[in-house]
Amino acid sequence: MQFLIWTGAGITLIGLLGLAWCIVRAAAAKRENLSDEAMRARLARLVPINLASLLLSAIGLMIVIIGIFLA
């Protein structure tokens, strides 16, 4: 079951990297001093990526927990 634990950890890491990327992109948009409409448009493009990264992290953690239970 070590395979499940390491696979889940890898998936979680990919999700966390996606979340960090979203944070960096949002901070960059804030530094650009965009208008309200432009800021909303930029952040609206980040929301699906953010949610997908969060889902990927959660699924990875579930796989890790399953691997620990089965070990």
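Fair warning: this is a prediction, and the values are worked out from it, not measured in the lab.

Caption draft 1: Examining unusual backbone geometry more closely. Here the phi dihedral of Asn 33 falls at roughly 50°; this positive angle occurs in a residue that is not glycine. The class of Asn 33 is exposed, set by a relative accessible area of 68%.

Caption draft 2: Fine view of the environment of Ala 52. Mapped onto the elements of the fold, Ala 52 is located in helix H2 (residues 36-70). Residues Ala 52 and Gly 15 lie 37 residues apart in sequence; the distance between their C-alpha atoms is 7.8 Å.

Caption draft 3: The arrangement of the packing of helix H1 (residues 2-31) against H2 in detail. The N-to-C vectors of H1 and H2 enclose an angle of 160°; their axes lie 7 Å apart at closest approach. The angle between H1 and H2 places the two elements in the roughly antiparallel class. The handedness of the crossing between H1 and H2 comes out as left-handed. For the contact of H1 with H2, the class distribution of residues is 23 nonpolar, nine polar and three charged.

Caption draft 4: Spatial organisation of H1. For H1, spanning 30 residues, the distance from its first C-alpha to its last is 43 Å, which sits close to the expected 44 Å at 1.5 Å a residue. Every buried residue of H1 is accounted for by Ile 5, Gly 8, Thr 12, Gly 15, Gly 18, Leu 19, Cys 22 and Ala 29. At its buried positions, H1 is contacted by H2. Positive phi shows up at Asn 33, right after H1, with a value of about 50°.

Rules behind the numbers
Residues numbered from 1 in each chain as written. Predicted model: local features only at pLDDT ≥ 70, side-chain atom pairs only at ≥ 80, totals over all residues. Heavy atoms only, no water. Buried < 20%, exposed > 50% of the residue type's maximum accessible area, 1.4 Å probe, protein only. Helix = DSSP H or I, 4+ residues; strand = E, 2+ residues; numbered from the N terminus. Axes fitted to C-alpha atoms, helices over the stretch in contact; angles between N-to-C directions. Parallel < 35°, antiparallel > 145°, perpendicular 65-115°, else oblique. Left-handed = near helix turned anticlockwise from the far one by under 90°. Nonpolar A, V, L, I, M, F, W, Y, C, P; charged D, E, K, R; others polar. Expected span 1.5 Å × (residues − 1). Contact = heavy atoms within 4.5 Å.

The quantities given are spatial measurements derived from coordinates; they are silent on function.
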